[in-house]
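# Fold and contact review
Take a look at the letters that make up each chain.
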Amino acid sequence: MSRHKKVLAIVLAGGEGKRLMPLTEDRAKPAVPFAGGYRLIDFALSNLVNSGYLQIVVLTQYKSHSLDRHLSETWRLSTQLGNYVTSVPAQQRRGKEWFLGSANAIFQSMNLIDDADPDIVVVVGADHVYRMDFADMVEKHIESGAKATVAGVRQPMDMVKSFGVIETNPQDPTRISRFVEKPDSTAPLPDDPNAFLASMGNYVFDRDALVEALRADNERGDTNHDMGGDIMPHFADRGEAMVYDFTHNDVPGSTDRDRQYWRDVGTLDSYYDSHMDLIRPLPVFNLYNYDWPIYTHQIMAPPARTVRGPNGQAGVAFDSIVSPGVLITGGHVGSSVLSPKVKVEHDARVTESVLMQNVQIGAGATVHRTILDKNVIVPPGFTVGLDRERDLARGLTVTDSGLTIAPKNYRFQD
C-alpha cells in the first residue's frame, strides 16, 4: 500500500549537541565522526535510502559547515530519477528568528513540503546508531489509520528521565494514550515490568495532519516548538497517535544479537560505549551487514599497515577497528577504534580508546580510555587517560566515569 503513497523524508540535523562537547565545539552533532570513517548522520540517511525513500531534506543550523561538506561529497543521488539529499539551512522564511525547536524547524521550512507535495512525511533524528526499515513503519502507519506514528524502543526503567516516554492504551497497545517528555516515572510495559517504551525520535505523519499541527503549534504561547514535547502530545491527546514498536522491525541481514540495537549517543560516555559495542568478538552492532549497508564518504588512503619498529618489536592491533591509512610501527593497539590516517609509533600503547582522523601517537606514549579528536598529537613518552588530575590540568575533559577527551587540534604540553 505504501508504494502508492508519495513520501518526503525530513532529517533534523540542527542540534547543537552540548552534552558531546568538546566533540561538538567545531561541528554539528550529526557531523561527529563515528566508527572510523562514518558520521552520525550516515545512519539515518542509510536507513532512509535502504528503505527506498530517496527524496530527503536535511535541516541544518548549528556549525553546519563540515556537515554540509560531508553531505555534498557523499550523498549524491540520481537527479534524473527525481532523487535528492538536500541540505537546507535556517532561512528565516517566517520571520527573523532561527529555528526555535525541532517542530519550528519544519514549520519554517514548510515550503519544502509544499514543493514536494507528499502524502506522507517521515521525520527522523540524525544522531542515533541503529538499523531500521522505515518502509515497514510507514506501512503500519497507513494500515492503522492514525494521523501520527512514533517509533518506540524498549529501555530499562532507570532510564525513564532521559527520554520521551510513550504510554499506550491497555486495550490497544498500538495506540498512544499519553506522550510525556522525560517524566520522573511511568508505568512499565505489561509484558515486561523492567522496561518502558522510549521515543526514538522517528515519526511518520499524514502530510495534512502534520501541517495543521505545526501551524497550531506556531500560534500557541505555551510551547517549546518540539516534535516530542509538543507535536506528539497534540496527536496523543486527540487519540490520533500510534506507536510503532521497534521490536517488530526486521531488516535484511540482521541477527538476533543486533536486530534491536539502538543507541542514543547524546553523551560522551554513550558515544564511547557505542564504539566499544563495535569491537567485541561478536559485536552488539554489526557494521558488516552487506544486505543493509551503512553508506559514507570513502577516504582516499592506502591500506592500513602494521610493521616492526626500529627495535624489532612488531606492530600489533587486536580486537580493534583499523581504518584505511593507519600506520602502526611497532606500537600496541588493543580494544580501540582507529580512524583513517592514524599513526602509532614504536613502543606506544593504545588501549580502549577512540582515535579520530590524523591522530599521531608518539613513541613510548600511552593512551587509555580516551577519545582523541582529529589532528591531536600525543608527544613521545606522554600518558593520557591514566592520571585524572593531570588530564584536567591540561584542560582536557574527563567524565565522571573516568573517560578522557581531547578536542580537535589539541597539542599536549607539560
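Residues numbered from 1 in each chain as written. Predicted model: local features only at pLDDT ≥ 70, side-chain atom pairs only at ≥ 80, totals over all residues. Heavy atoms only, no water.

Per an unreviewed UniProt entry, the protein carries the name Glucose-1-phosphate adenylyltransferase and comes from Kocuria marina subsp. indica. The record held by UniProt for the protein lists under Subunit (unreviewed entry) the comment "Homotetramer." (UniProt positions renumbered as here; feature names shortened; annotations may be inferred.)

## Section: the overall build of the protein
If you tally the helices and strands in the protein, you get nine helices and 29 strands. Taking 414 residues into account, the globule formula puts the C-alpha radius of gyration at 22 Å, and the protein, at 22 Å, falls close to it. With respect to the three principal axes, the spread of C-alpha positions in the protein is 70 × 50 × 40 Å. Among the 414 residues that make up the protein, the fraction classed as buried is 55%. Across the protein, the fraction of contacts at a sequence separation of at least 24, relative to all contacts at a separation of at least 6, is 60%. Of the roughly 18,100 Å² of accessible surface on the protein, a fraction of 47% belongs to carbon and sulfur atoms. Counting 42 positive and 52 negative side-chain charges, the protein places the centres of these two groups 6 Å from one another. (Helix = DSSP H or I, 4+ residues; strand = E, 2+ residues; numbered from the N terminus. Rg over C-alpha atoms; globule rule 2.2 N^0.38 Å. Buried < 20%, exposed > 50% of the residue type's maximum accessible area, 1.4 Å probe, protein only. Contact = heavy atoms within 4.5 Å. Areas by Shrake-Rupley, 256 points an atom, 1.4 Å probe, with all protein chains shown as cover. Lys, Arg positive; Asp, Glu negative; His and termini not counted. Charge placed at Lys NZ, Arg CZ, Asp CG, Glu CD.)

## Some remarks on the sheet that holds strand E14 (residues 305-307)
One key point about sheets: their strands pair by backbone hydrogen bonds, in either a parallel or an antiparallel sense. Across the sheet, which stays open at both edges, the five strands sit in the order E14-E17-E20-E23-E26 with parallel pairing between neighbours. The open sheet is flanked by E14 and strand E26 (377-378), the only strands paired with a single partner. Both strand E23 (residues 360-361) and E26 contribute to a ladder of two bridges, which runs parallel. The partner of Ile361 across the bridge, within E26, is Val378. (Pairing = 2+ DSSP bridges.)

## A look at the side chain of Thr24
Mapped onto the secondary structure, Thr24 falls in the loop between strand E1 (7-13) and strand E2 (33-34). Given a relative accessible area of 0%, Thr24 falls into the buried group. Residue contacts for Thr24: discarding those within four places in its chain leaves Glu16, Gly17, Lys29, Val32, Tyr62 and Lys63.

## Focus on helix H1 (residues 41-50)
Buried residues dominate H1, accounting for nine of its ten residues. Of the residues making up H1, those classed as buried are Ile41, Asp42, Phe43, Ala44, Leu45, Ser46, Asn47, Leu48 and Val49. Looking one or two residues past H1, Gly52 carries a phi angle of roughly 95°, positive in sign.

## Thoughts on the pairing of strand E9 (residues 164-169)
Where E9 lies against strand E10 (residues 172-181), six bridges are found, and the strand directions are antiparallel. From the neighbouring strand, Val165 faces E10, where its bridge partner is Val180. Between E9 and E10, which pair antiparallel one after the other, the connecting turn spans two residues. Both E9 and strand E11 (residues 195-206) contribute to a ladder of two bridges, which runs antiparallel. By the bridge assignment, Ile166 is partnered in E11 with Leu197.

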